[in-house]
Protein chains: 2
Amino acid sequence: MGNLLVAQSGGPTTAINATLAGVIQGAQQSVKIGAIYGGLHGIQGVMQRQLVDLGKIFAAEEELACLKTTPAALLGSCRYKLPAPGTDDSVYQTITEVLREYDISAFVYIGGNDSMDTVDKLSAYFTQNGIDIAVMGAPKTIDNDLCETDHTPGFGSAAKYVATTFAELARDCHVYRLPSVTVVEVMGRDAGWLTASAALACHADKGPDYIYLPERPFDEQVFLHNLAQPLVLHKPVVVAVSEGVRTADGRYLGEQSGSGTDAFGHSQLAGVGQYLENQIAKAYGCKVRSVQLNLMQRCAAHLASATDLNEACALGATAATAAISGVSGQMARIRRLQNNPYAVCYETIPVQMVANKVKQVPQSWITPDGTGVTDKMVEYLLPLVQGEVYPVLKNGLPSFAPMLY
Amino acid sequence: MGNLLVAQSGGPTTAINATLAGVIQGAQQSVKIGAIYGGLHGIQGVMQRQLVDLGKIFAAEEELACLKTTPAALLGSCRYKLPAPGTDDSVYQTITEVLREYDISAFVYIGGNDSMDTVDKLSAYFTQNGIDIAVMGAPKTIDNDLCETDHTPGFGSAAKYVATTFAELARDCHVYRLPSVTVVEVMGRDAGWLTASAALACHADKGPDYIYLPERPFDEQVFLHNLAQPLVLHKPVVVAVSEGVRTADGRYLGEQSGSGTDAFGHSQLAGVGQYLENQIAKAYGCKVRSVQLNLMQRCAAHLASATDLNEACALGATAATAAISGVSGQMARIRRLQNNPYAVCYETIPVQMVANKVKQVPQSWITPDGTGVTDKMVEYLLPLVQGEVYPVLKNGLPSFAPMLY
């Protein structure tokens, strides 16, 4: 009998609290677990002993249900990379000390690519030093760029937001009988999954006329040339573009306006949409507008996909159950069994297969001219946006789980 | 017995099609009306005889229900100012010719401030020339800046979007334990109603720490000074700022990046948020981000207020019924009878009382320091965001009324 610790890391999503709810449920159902602690602000907060008793806070079922539909990371987050093993053991020693103090036998870390690096290093350290604490990863990222899982929690809801918003924007942009271009910038540094989900708007109603993903080199001249014909015909054009599109020589299109790199060495991008807006205005002098879906695409809990939240919850429970039974250094993943009807199963795999790798959109799922996606992509995406789970509403406004810090 | 014509003008909203549905319903219920025509792209399309038979297209009740939850302007829109009476009668003659050709006895024009100018001029022309066509205005604008109506259709849904989005953004911005500023720019050129509705997020959960409206002169030094204390305390700060904020000498904050004026002589603004982002970065060097709610705030049909759509529909019916009974040169308006329980009635008033005027937020509804709004404002706003009407969904994605052009 020991206690379980769970923490969240990386960028927030609509589904990361559903995964947290799943971890809590998984731990509550185990006789091997006493207290369920939440570490605030990721592994950094854990090192500073910022732990809260989640078992007490979420004792009632309705409170867990409310947590499931609360956006962002209820435990707070961090962007902190553990030092390479052997270079600075003091960090690992501090973590071990805190976990021992709280009698932790199972630790679940919910996060993306970089967080799986933490799971990898920490579980390896514990194994090498004979410390009996199991560390499991539970994936999340709206970018859907984790390897070895069919998709990631948070992506389905973000895709539903992107698809719905493009359908609404396309209607909005078509009201005037003017040649105009609306460039909509979607998140996704290295992978175009989220930008590709704009294609679902075309599937449902109207959507973007062109979709540009980072998986294909971006040629500005071709981009501008593609706009010529619709503009001559006085048609409004809607373009979906990933923030991560790059030129053939690997330069990010928004790079000139970026401001350095983050703790993991990723370039911080800004303004691909704004950049293209300026180029279009120069080339055509027509009405042009850029729209960033910005933070809204990762926190629009009011438009969550039921499929996404349910899977997020199930993965949290899978990770917790595995950690409780002593499995360590692994990540819970989703395997798609079939599309019609859609069915998945949940498994665990060694986290090394996932950490620090990026899953991109297959080239064969992008149209030959690089301005759209194929039916394969739509088939892949469609099941992920099914179903609605609306947040608890009070007086017409959302009511979220109480802040913990 | 004659026919009814309806057209839409100005910026699209989430509720303008609900008003269209109300006009159609009002006309369908009258024995005095034969066909119900829709003019495409406002008065400009009418002049070009671009009329469709709405009675046929929306014969079934479920099609009207779908229209009610379809965003943007189904008939298309225009931004076209009628020439001053007496300066160019050919435009008025063309309109009269088309309306006579289609045997129109009642014309309903749905739009904002500028569209009411069209209703005013056209009805005056018809009266002066003994032409027996009644012209009625039905209001819409997310800006809520029309005089003589308690509020305008489209505003309640936009306010619900803004409030919900601020609640979600505030959760998102608080996950990291870093001094950071997120500046969220909200639409509203001359009136701060929509920006003020961000305060509902604070009422429900977490929201912006500061709210800046165009009704108070914007002092950049005070703005920057207000950020100092929370940043020293390492607190994330969320700011709501109207695109229309101006300095004491009347200069728009985004003016330097604007690009001329539109057909009605309004300056086109861009980038207040971006401008403030740069100023904050220079002053504090902290993490800072600007977010534009952009087109989403006026077309997010998936987050419409039921109160708003129902009122929009009722106003459309009111305008149609008045026009059919021969009332001309008036606008349908909402009068609030009481707050608890919320109750309104629908009336018509001379459009001259409305055209080319702007209703601003009362100074007494803004806090003395100009960084927030009072309880009076929250009391005013709260009833307008009540209730949900979700669009028709197919396969987890929205299904809108069919495009007409």
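These remarks concern the structure in this document. (Residues numbered from 1 in each chain as written. Chains lettered and ligands numbered in written order. Predicted model: local features only at pLDDT ≥ 70, side-chain atom pairs only at ≥ 80, totals over all residues. Heavy atoms only, no water.)

## Section: the packing of helix H1 (residues 16–28) of chain B against helix H13 (residues 306–324) of chain B
Residues and elements named next belong to chain B. Running from N to C, H1 and H13 cross one another at 40°; their axes reach a closest spacing of 6 Å. In terms of their interaxial angle, H1 and H13 are classed as oblique. Regarding H1 and H13, the two cross each other, and that crossing is right-handed. Contacts between H1 and H13 involve Ala 18, Thr 19, Ala 21, Gly 22, Val 23, Gln 25, Gly 26 and Ala 27 on the former and, on the latter, Leu 309, Ala 312, Cys 313, Gly 316, Ala 317, Ala 320 and Ile 324. (Axes fitted to C-alpha atoms, helices over the stretch in contact; angles between N-to-C directions. Helix = DSSP H or I, 4+ residues; strand = E, 2+ residues; numbered from the N terminus. Parallel < 35°, antiparallel > 145°, perpendicular 65-115°, else oblique. Left-handed = near helix turned anticlockwise from the far one by under 90°. Contact = heavy atoms within 4.5 Å.)

## Remarks on the packing of helix H5 (residues 89–101) of chain A against helix H6 (residues 113–128) of chain A
All names here are of chain A. Here H5 crosses H6 at 80°, and the two axes come no closer than 11 Å. The angle between the axes of H5 and H6 places the two elements in the roughly perpendicular class. Along the contact surface, H5 presents Asp 89, Tyr 92, Gln 93, Ile 95, Thr 96 and Leu 99, while H6 presents Lys 121, Leu 122, Tyr 125 and Phe 126. In terms of residue class, the contact of H5 with H6 is built from six nonpolar, two polar and two charged. (Nonpolar A, V, L, I, M, F, W, Y, C, P; charged D, E, K, R; others polar.)

## Some words on a nonpolar patch on the surface
Residues A:Tyr390, A:Leu393, B:Tyr390 and B:Leu393 make up a contiguous nonpolar surface patch of roughly 300 Å² in combined accessible area. For B:Tyr390, the position within the fold is in the loop between helix H14 (375–381) and strand S12 (393–394). B:Tyr390 sits in the partly exposed class, given a relative accessible area of 31%. (Patch = residues over 30% accessible without salt bridge, like charges linked within 9 Å, V, L, I, M, F, W, Y side chains within 5 Å. Areas by Shrake-Rupley, 256 points an atom, 1.4 Å probe, with all protein chains shown as cover. Salt bridge = Lys/Arg side-chain N within 4 Å of Asp/Glu carboxyl O. Buried < 20%, exposed > 50% of the residue type's maximum accessible area, 1.4 Å probe, protein only.)

## Observations concerning the interface of chain A and chain B
Facing the 66 residues of chain A at the interface are 66 residues of chain B. For A:Arg298, the salt bridge identified is with B:Asp172, shortest N-O distance 2.7 Å. Of all the secondary-structure elements, those providing two or more residues to the side of chain A that touches chain B are helix H2 (42–47), helix H7 (155–173), helix H9 (199–204), strand S9 (287–292), helix H12 (296–299) and strand S13 (397–398) of chain A. At eleven residues, H7(A) tops the list of elements feeding residues into the side of chain A that touches chain B. Among the residues making up the side of chain A that touches chain B, the classes are represented as 34 nonpolar, 21 polar and eleven charged.

## Some points on unusual backbone geometry
Here the bond from A:Asn340 into A:Pro341 is cis, since omega is -5°, no more than 30 degrees from zero. Mapped onto the elements, A:Pro341 comes out in the loop between strand S10 (330–339) and strand S11 (342–350). Phi at B:His41 takes a positive value of approximately 55°, unusual for a residue other than glycine. Tracing the chain through its elements places B:His41 in the loop between strand S2 (33–39) and helix H2 (42–47). A positive phi angle is found at B:Arg49, which is not glycine, with a value near 60°. With respect to the helices and strands, B:Arg49 occurs in the loop between H2 and strand S3 (51–53). A relative accessible area of 33% places B:Arg49 in the partly exposed class.

## Section: the relation of the copies chain A and chain B
When chain A is fitted to chain B, the residual RMSD is 0.0 Å, and the transformation amounts to a turn of 180° plus an axial shift of 0.0 Å. Here the symmetry operator amounts to a two-fold rotation axis. For chain A, the residue whose C-alpha comes nearest the rotation axis is A:Gln292, separated from it by 3.7 Å. Of the interface residues in chain A, 100% have counterparts in chain B that sit at the interface too, so the contact is made through matching surfaces. (Least-squares fit on C-alpha atoms with pLDDT ≥ 70 in both.)

## Digging into the sheet that holds strand S6 (residues 180–186) of chain A
All names here are of chain A. Strands sit in the order S7-S8-S6-S9 across an open sheet of four strands; the sheet is parallel. Across the chains shown, the open sheet's two edge strands, defined by having one partner strand only, are strand S7 (210–212) and S9. Going across the sheet, the axis of each strand differs from the next one's by a mean of 15°, ignoring polarity. Pairing of S6 with S9, which is carried by six bridges, proceeds in the parallel orientation. Its bridge partner being in S9, Thr 182 is matched across the sheet by Arg 289. Relative to S9, helix H11 (residues 272–284) is tilted by about 175°, and along the sheet it contacts S6, strand S8 (236–242) and S9. (Pairing = 2+ DSSP bridges.)

## Focus on the layout of surface pockets
Considered as a void within the structure, the second largest pocket measures approximately 280 Å³ in volume. Elements with a contribution of two residues or more to the lining of the second largest pocket: helix H10 (220–232) and strand S8 (236–242) of chain B. (1 Å grid on protein atoms, 1.4 Å probe; cavity = no way out; pocket = protein on both sides within 12 Å on 5 of 7 lines; lining within 4 Å. Points joined across faces, edges and corners; volume = space filled by probe spheres on them.)

## With respect to the side chain of A:Asp172
As for its position among the elements, A:Asp172 is in helix H7. Apart from residues no more than four positions distant in its own chain, A:Asp172 is found in contact with B:Pro12, B:Ala72, B:Leu295, B:Arg298 and B:Cys299.

## Re the pattern of salt bridges
Side chains carrying opposite charge are able to pair once their charged atoms draw close together. Here the structure, examined in full by the defined rule, presents 24 salt bridges over all chains. Linking B:Arg49 and B:Glu97 is a salt bridge whose minimum nitrogen-to-oxygen distance equals 3.3 Å. Pair noted here: B:Arg49 is in the loop between H2 and S3 and B:Glu97 is in helix H5 (residues 89–101), with a separation of 48 residues, a long-range link. On the accessibility criterion, B:Glu97 (47% relative accessible area) is partly exposed. B:Arg333 is paired through a salt bridge with B:Glu347; the nearest N and O atoms lie 2.8 Å apart. Of the two residues, B:Arg333 sits in strand S10 (residues 330–339) while B:Glu347 sits in strand S11 (residues 342–350), which places them 14 residues apart along the sequence. Salt bridges linked by common partners bring A:Glu148, A:Arg333, A:Arg335 and A:Glu347 together as one network.

## Brief notes about the sheet that holds S10(B)
Strands in a sheet are paired, the pairing made by backbone hydrogen bonds, and the direction either parallel or antiparallel. Residue and element names in this part refer to chain B. The strand order across the open sheet formed by seven strands is S3-S2-S1-S4-S5-S10-S11, and the pairing between neighbours is mixed. On the outer flanks of this sheet lie S3 and S11, each paired with one strand and no other. For this sheet, the mean inter-axis angle between neighbouring strands, taken without regard to orientation, is 30°. Note: strand S5 (residues 134–139) against S10, two bridges, orientation parallel. Bridging across to S10, Gly 137 finds its partner in Met 331. The strands that helix H6 (residues 113–128) touches are strand S4 (104–111), S5 and S10; relative to S5, the one it contacts most, it runs at about 170°.

## Section: the packing of aromatic side chains
Counted by the stated rule, this structure contains 23 aromatic pairs over all chains. Here A:Tyr212 and A:Phe223 contribute two aromatic rings whose centre-to-centre distance is 5.3 Å and whose plane-to-plane angle is 65°, an arrangement assigned as edge-to-face. With A:Tyr212 in strand S7 and A:Phe223 in helix H10 (residues 220–232), this pair connects stretches of sequence that are eleven residues apart. Since its relative accessible area comes to 8%, A:Tyr212 is described here as buried. When the centroid spacing of 5.3 Å and the interplanar angle of 45° are considered together, the rings of B:Phe218 and B:Phe223 count as tilted. Taking relative accessible area as the criterion, B:Phe223 reaches 1% and is therefore assigned buried. Each residue in the set A:Tyr210, A:Tyr212, A:Phe218 and A:Phe223 is aromatic and connected to the rest through ring pairs, giving one cluster. The ring of A:Trp193 is capped by A:Lys359, whose NZ or CZ atom sits 5.4 Å from the centre of that ring. (Phe/Tyr/Trp six-rings, centres within 6.5 Å; stacked < 30°, edge-to-face > 60°. Lys NZ or Arg CZ within 6 Å of the ring centre and 35° of its normal.)

## Section: the pairing of S10(B)
For a regular strand, side-chain orientation follows a simple rule: the groups alternate between the two sheet faces. Residues and elements named next belong to chain B. Sheet topology places S10 next to S11; nine bridges connect them, and they run antiparallel. Considered in S11, the bridge of Gln 338 is made with Ala 343. As consecutive antiparallel partners, S10 and S11 are separated by two residues.

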